[in-house]
Each structure stands twice: as structure tokens, then as C-alpha cells.
Amino acid sequence: MPTKPTIIYTKTDEAPLLATYSFLPVIAAFTQPAGIEVEMRDISLAGRLLASFADLLPAEQKTADALAELGALTLQPGANIIKLPNISASVPQLKAAIAELQSQGFALPDYPEAPANGPEQDTKARYDKVKGSAVNPVLREGNSDRRAPKAIKDYARKHPHKMGAWSPDSKTRVATMDTNDFFANEQAATIPSATTATIEFLPAAGGSPVVLKKGIKLETGEVFDATFMNTRALVAFLEKQLAAAAELGLLFSLHLKATMMKVSDPVLFGHAVKVFLGDFIRTQAATLDQLGVDFNNGLGDLLAKAGQLPAAEKAALEAGLQAALAARPPLAMVNSDKGITNLHVPSDVIVDASMPAMIREGGKMWNAEGGTQDTLAVIPDSSYAPVYQAVIDFCRRNGALDPVKMGSVPNVGLMAQKAEEYGSHDKTFEVPGDGIIRVTDAGGKVLTEHKVESGDVWRACQTKDPAVRDWVRLAVKRARTSSAPAVFWLDERRAHDAELIAKVQAYLREEDTSGLDLRILPPCEACRFSLERIAEGKDTISVTGNVLRDYLTDLFPILEVGTSAKMLSIVPLMNGGGLFETGAGGSAPKHVQQFTKENYLRWDSLGEFFALAASFEHLAEVTGNRQAKVLADTLDTATAKFLEENKSPGRKLGTLDNRGSHFYLALFWAQALAGQTDDLALQKHFAALAGELASHEKQITDELAAVQGEAVDLGGYFRPDEAKASAAMRPSSTFNRIIDAART
């Protein structure tokens, strides 16, 4: 560990990466006078790809494995990490990043979709470790405490965001399976003593068992569960929903999470695409095979590969595709102007973002004509889908929620040590044939056993006992601090939840719960309870597993404050350190597209501001650094003024963008430090900075505005050229001079 108080700031992707080029110099100007070091670690998609092949690259191109380094750091009590949103790469994104790095002179191998030999299998395995949600499970060695900061909640009430009107006649609804899905097929057990487990497939046709994975370490008291999605039932379900959408005149929309559930959900997505296209796939089978189309990557894969065909064949294939699409109910659109549908790319429609957006729009999604329309929201697995139906039913009955009056639903989420489904990637398989998948411990005892069919998706999850204990403890602490009811969203009908309920009940008895309102309710009931309370302006803490943590920390913030990107997201690491995540939103690729076209970045760094303040508070508590506490308090003061004076980025040219927002945060922060009396040295230092910034306000904002409207060359999307990106994000020479001088 470093000897000086140190904060690790992460270099990630897309809009947060661009914002970092502007904001990190500001952070350095405020931390260096307080003796606090801020160091950068590259966990971007490009950085992780290069680190995965460091052994194949020349010395000057080798990249350190910063993610592994930070993973080890999270186990240290002095860890203090600010983690910005990163790309959870789908295969199309992975291929695009590889191609860009190759064009920049990095001799990375192509991504082998169907490896034909040992070296190609090794290459694919390396790439697959980078695919999907590869970052968060490594860093999240603690449970999650997410809530809307008071300043954000106050601002939303004073300046409410638009909410679409709900009609009692809305036909929008959720469609989910009622049998043979992950929920229905789940088996679970609490492990009585430490052991190792083996997953094996026993072919129905006979022959030797096939070991799918062995040496799985199971700890005393952990919950192990396994389940599968029967794809024959899935296909029948999808056909039924297509008919229902057509009959009711609804848009058809599919909602999965192919980024986080990087093994299972792309397969489910592929089945949906194939069912939607129907006879087109059968009649074009030879051409599709020739092109190597993988429908797990969506319609976009077909359209991209069709370019390999001679013009006449390409036109015939595309005409057949359009006819197939026209024969089905209309699809919800990701981009109506460009014709990008809900089924184009698996990473384009992520359930925890797409469903709240639909609900906020009065239950409507965009159609091909650029209008909004009622929707059949298809969420195949029924584990969590009913939660969204509960919200739809509430809004249809009561109308849209009012941001001015709404209470809040903060979350305490079980995610430490790769808990639950988000830690299942290395134990998820597309079943190779009819038979049985069995999990046994070291003594041969059967833990779970499923009769499966070829093509089914089977997965297993682990939830460590210390993580559950810490989760319960954190829930009690938050309930005590906030004086709000805390509800564990657990369903005794679900095998995994039944095991957790027993643990929660036992561990609550070990805590001081006097005077607290603690409940255990099934998710649907917990959702209705929370909705009734927030409509009355009351707060209710949701205490959930890992997936619902993800879903609810988008759902309720989007309804409450208009976005999930402004949430305070603290992960108290189990060994004493702190991980501070900058909101719950993604990395905003559309913001980058606008920036490169117009030199205007609308990314809002409020999440970074709140995370930084929490990081300072933690640093002060752990190290006793009094100046860190002063920085935290004054940053909170500055952020409140920032919100009150509406200095967040706008959306269009001619208004303040991300870079301008960083100037005003710096100005207000310097003014707050100049006005405090807890540390006279900092007061004197920042009084001078505040004066300089205030006296040059017009010159700086004019310089920032002058560059808007022109295209920007960053020298790369996944790996921008450092000099070009820095110049683009720091276009005010006056602001740069003042900030850089303040570091000393």
C-alpha cells in the first residue's frame, strides 16, 4: 500500500473516459495541497484486452493487468477506489475494439467464434474473460449501499423531470414464462462443511460422464444453487408472445441483460431472433451458414455479414429479411431514424435501463415511425419479471408517480464475493445433448441434479456466508441510520431465496434490531409496499440480492430523479477499504457520438462528484487526515450550489457541456474552501484559486463555448490518442493554466 493517503481513480470507457480527461486535473489541483495522491488505473475495455495478451506483445506495447491489481487491492484495509462506468462488452463490441487496436499497431489475434485448434481455444478463452461484466465481480469485495444524495433529491423536487402520462386503458404488460424457466427449475443447498464440487453431464444415450467443471471450492455455510432454462419451452413461449403482440396491436420488445449475463442471455437473445425470423432462417439456411451468421449477436450480425455477398445476392437476402420482419408484429426501436430494432444488438437493450425508461414514458416505447406505442415487454425468466408488472399495474391504476412528492427507495444489495447470478459465468453451459447435469461434492454426495435437453441453458451460482452476514449487518445499519423500514425482497417459493431467508432470520437475531421495521416479503409484495409508500412521500429501504440490486437501482432512481447516473453508490469493502462507484448508469456511447460530431459532451459528472466526496470521507475516517474531511465537506457544499445554480450539462449545442460543468464545480469548491475555517492553510491556498477562477469566469466559459460545433478526432474510440483526447477535453488555455498552477 502507498505510504501517502491515496485514491485510485479508474480509467474506463466512452463518455466517463472523456470526462476524466477534463475532471482529473481538477481533482489533482484540490488534492495535492492536502497531501493526498490520486493515481490512475486503466480498466478500460482496450486496456483489459491488451493486458490479456501482454505476453504476445513487444515490450513497448505491454500493458499491466490493472484489474487484477485492483482486485488484490480490494482485499486490503487501506483500499480507496473510485470506479467509473465501463463497457461490459458484447461480442460485437469486443470485435470492434480488437479491430481498432489492430489498426493502431497492436498485433492482437482475431476473435475466433469457432476455435478449430488449441491456440484458437486459448485465444477465445482469453477474450471471453474480458467479455461481458468482467470488471465488477473482481472489484466488488463488499456489499452495496446505493441511495439518492439529499442534494439530488432536493433538486428533483424543485425541478421535476418529465413523466409520461399513464392511461388506465394502457395495454402495456410484461410477458414471462410460468414453467420450465430458471425460477421454476432452481435447486439449492447450504453447504455444511468446506468441500469441492464437480459439474458433470451424463448423456441420455449412455457413455462416460462429461466433466463440465471441477474443483469448485465451496465454503462452509455458503449457498449453492443450480437451475436451467428449457429452450424448447422458451421457443414455445416466444411464439405465443409474438401472436399476442400481433393480436393486441402492441410493439414486441425483448428485455434481457446480455452484458452482465454474458453466457446465458446472448443464447436467449439468439433464440428470440431466430423465432422472430421464422421461415426466413429455414429458407436462407445455406446462405446464413456460408456467412457464419450468429444470431446470438442479433440482426446486426446478419446485416454486417451480408456485405460479403455479391450485390444481387445481398439484395435478395435483405429483401427476404424485410419480408420476414413485416410478417411479424412491429418491433420496439432503439433508433427509429436509423432503423435499429430491439433485436439488432444484444447489448443495446438492457432490462434494468429499458424497462424503467418504458415505465417513465407512460408504458410506451418507440416504434419505427418515431412515435411511441404500448408494448409487450418480454422478459423470459420469471425470477424478477413480476416486479416490473407490479410497477405497471400501480401506474395504470394510480397514474404516473410525481417526482415532487415521491419518497425514495435506497438499496442495500448482496453482491460481495461474486454473489448469485452475476458470479455464474464460469458455471454456465449450453447443454451439449439430452441427459442429466449433476453436481456432486468431494464425497460424491449429489448437491443438485437436473434432467436437461440439448440446447438448454444451465447455470450454477454461489453465495458466500460471510457476504450474507455482512449484507444483513449493512441492512440493519442503514435502517438504524435512516429510520426507514428495510424490506428483504425474498420469495420462499424460490429455492435459493428459501436458503437465504433461513440465514437472514438467523443473522438478524444476532443484531440489535430494537425499534426497527424489518420485513421479509416476496419481490412483488415488496414492490407494491414500496410503491405505496413512495407515492406518499415515504422512504423504504430495499434489501435485495445482486440482480434485483442492479434492477432497482435503475428503476427507482429513474422514476425519482430522472436518472440512475446521479446515485451515491458506496461499497464498504469487507476488509475495511472502500469502493466508490459513480452512479448506476452505463458509459453513454451516444454521448461520445455527439461529441465526435459536434464537440459537445453532455455527460453529467455528478456521480463522480458524489463518489469523490464519499471517498474523501472514508479517507479521513481511515487515515485521520483532517484535510480530507474538509475537502469532503466543501465538495458537498459546492455540489449543492452547482445543482441550485443549474450548472449541469445541457443536451444541445450552445449550452454548458461537461467541460463547463467542471469549471463551475472547481469555482464553487474553491469558494467553499476559501469560506471554511476548519483549516486555515487550505483556506488561504484556495482563496487565491477562487479569486483567479471568478475573475476569469467569462474568458474561460467563452473559450469552452468557442470550440463547440466542430467535429473532433480522438484518434480512437476504445483507445483514444492521449494527446488528442486531452486537448479536446481541455480546450480552455486560461482554465488549464489556473488549475495546473494550483497543484503546487
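This write-up is about the structure you can find in this document. Remember, it's a predicted structure, so these values are computed and weren't measured experimentally. (Residues numbered from 1 in each chain as written. Predicted model: local features only at pLDDT ≥ 70, side-chain atom pairs only at ≥ 80, totals over all residues. Heavy atoms only, no water.)

## Re helix α24 (residues 680-695)
Relative to the 22 Å expected for 16 residues at 1.5 Å per residue, α24 spans 22 Å between its end C-alpha atoms, a close match to the ideal helical length. Within the sequence span of α24, burial applies to Leu682, Phe686, Leu689, Ala690 and Leu693. Tucked inside the fold, the buried residues of α24 contact α1 (14-31), α22 (626-644), α23 (658-675), α25 (697-706) and α27 (733-741). (Helix = DSSP H or I, 4+ residues; strand = E, 2+ residues; numbered from the N terminus. Expected span 1.5 Å × (residues − 1). Buried < 20%, exposed > 50% of the residue type's maximum accessible area, 1.4 Å probe, protein only. Contact = heavy atoms within 4.5 Å.)

## A few points about empty space enclosed by the protein
By the definition in use, this model includes five cavities of 30 Å³ or more. What the largest cavity holds in volume is close to 230 Å³. Forming the walls of the largest cavity are 18 residues, and the residues nearest its centre are Met261, Asp265, Asp381, Tyr384 and Tyr551. Of all the elements in the fold, those that place two or more residues in the lining of the largest cavity are α9 (264-277), α15 (385-398) and α19 (546-561). Of the residues contributing to the lining of the largest cavity, the split by class is 12 nonpolar, one polar and five charged. In this structure, the second largest cavity encloses a volume near 80 Å³. Contributing elements (two or more residues each) for the lining of the second largest cavity: α1 and α27. Of the residues belonging to the lining of the second largest cavity, the class tally is seven nonpolar, three polar and two charged. (1 Å grid on protein atoms, 1.4 Å probe; cavity = no way out; pocket = protein on both sides within 12 Å on 5 of 7 lines; lining within 4 Å. Points joined across faces, edges and corners; volume = space filled by probe spheres on them. Nonpolar A, V, L, I, M, F, W, Y, C, P; charged D, E, K, R; others polar.)

## Comments concerning the pairing of strand β24 (residues 578-582)
With five of its five residues buried, β24 lies for the most part within the structure. Burial along β24 is two-sided: the residues Gly578, Phe580 and Thr582 and Leu579 and Glu581 are all buried. Alignment of strand β3 (residues 80-83) against β24, held across four bridges, turns out to be parallel. Directly across from lysine 83, in β24, lies its bridge partner glutamate 581. The pairing of strand β23 (residues 568-572) with β24 spans five bridges and is classified as antiparallel. Across the sheet, leucine 568 pairs through a bridge with threonine 582, a residue of β24. Following β23, the chain reverses through five residues before pairing antiparallel with β24; glycine 576 in that reversal takes a positive phi of roughly 110°. (Pairing = 2+ DSSP bridges.)

## What to know about helix α21 (residues 606-623)
Look at α21: 26 Å from first C-alpha to last across 18 residues, which is about the 26 Å you get at 1.5 Å a residue. The buried fraction of α21 is high, at 14 of 18 residues. Where α21 terminates, the next one or two residues include glycine 624, which has phi positive at roughly 75°.

## Considering the packing of helix α14 (residues 351-360) against α15
Remark: α14 packs on α15, axes separated minimally by 11 Å, with the N-to-C direction vectors making an angle of 10°. Classified by the angle between their axes, α14 and α15 sit roughly parallel to one another. From α14, Val351, Asp352, Met355, Pro356, Met358 and Ile359 reach across to α15, where they touch Tyr388, Val391, Ile392 and Cys395. A class-by-class count of the residues in the contact of α14 with α15 yields nine nonpolar, no polar and one charged. (Axes fitted to C-alpha atoms, helices over the stretch in contact; angles between N-to-C directions. Parallel < 35°, antiparallel > 145°, perpendicular 65-115°, else oblique.)

## Some remarks on the packing of aromatic side chains
Scanning the entire structure with this criterion turns up 16 aromatic pairs. Ring geometry for phenylalanine 30 and phenylalanine 686: centres 4.9 Å apart, planes at 15°, overall stacked. Taken together, the residues phenylalanine 30 in helix α1 and phenylalanine 686 in helix α24 connect sequence positions 656 residues apart. Judged by relative accessible area, which is 0%, phenylalanine 30 ranks as buried. Aromatic pair phenylalanine 663 and tyrosine 664: ring centres 4.8 Å apart, planes at 65°, arrangement edge-to-face. Among the residues examined, tyrosine 664 registers a relative accessible area of 7% and is labelled buried. (Phe/Tyr/Trp six-rings, centres within 6.5 Å; stacked < 30°, edge-to-face > 60°.)

## Looking at unusual backbone geometry
Non-glycine residue glutamine 417 carries a positive phi angle of around 60°. Position of glutamine 417 among the secondary structure elements: in the loop between β15 (411-413) and β16 (428-430). Positive phi outside glycine occurs at asparagine 599, with the angle close to 55°. Mapped onto the elements of the fold, asparagine 599 is located in the loop between α20 (589-598) and α21. A relative accessible area of 9% means that asparagine 599 is categorised as buried.

## What about the environment of aspartate 657?
The topology assignment puts aspartate 657 in the loop between α22 and α23. Sequence separation of aspartate 657 and aspartate 604 is 53 residues, and the distance between their C-alpha atoms is 8.3 Å. Sequence-distant contacts of aspartate 657, that is, excluding residues within four places in its chain, are made with Asn599, Tyr600, Leu601 and Pro649. A distance of 3.2 Å separates a polar atom in the side chain of aspartate 657 from the backbone nitrogen of leucine 601. (Polar contact = N/O pair within 3.5 Å; in protein donor to acceptor, adjacent residues only side chain to side chain.)

## What about the nonpolar core?
Core analysis: the biggest nonpolar cluster contains 57 residues, and Phe30, Phe616, Trp669 and Leu693 have the highest contact counts within it. With 10 residues, α21 is the single largest residue contributor to this core. Ignoring anything within four residues of it in the chain, the contact list for leucine 693 reads Phe663, Ala666, Leu667, Ala670, Ile700, Phe735 and Ile738. (Core = buried A, V, L, I, M, F, W, Y, C linked by side-chain atoms within 4.5 Å.)

## Re the side chain of threonine 448
In this fold, threonine 448 is placed in strand β18 (residues 446-452). Residue classification places threonine 448 among the buried residues on the basis of a relative accessible area of 1%. Apart from residues no more than four positions distant in its own chain, threonine 448 is found in contact with Gln187, Phe224, Ala226, Ile437, Arg438, Val439 and Trp458.

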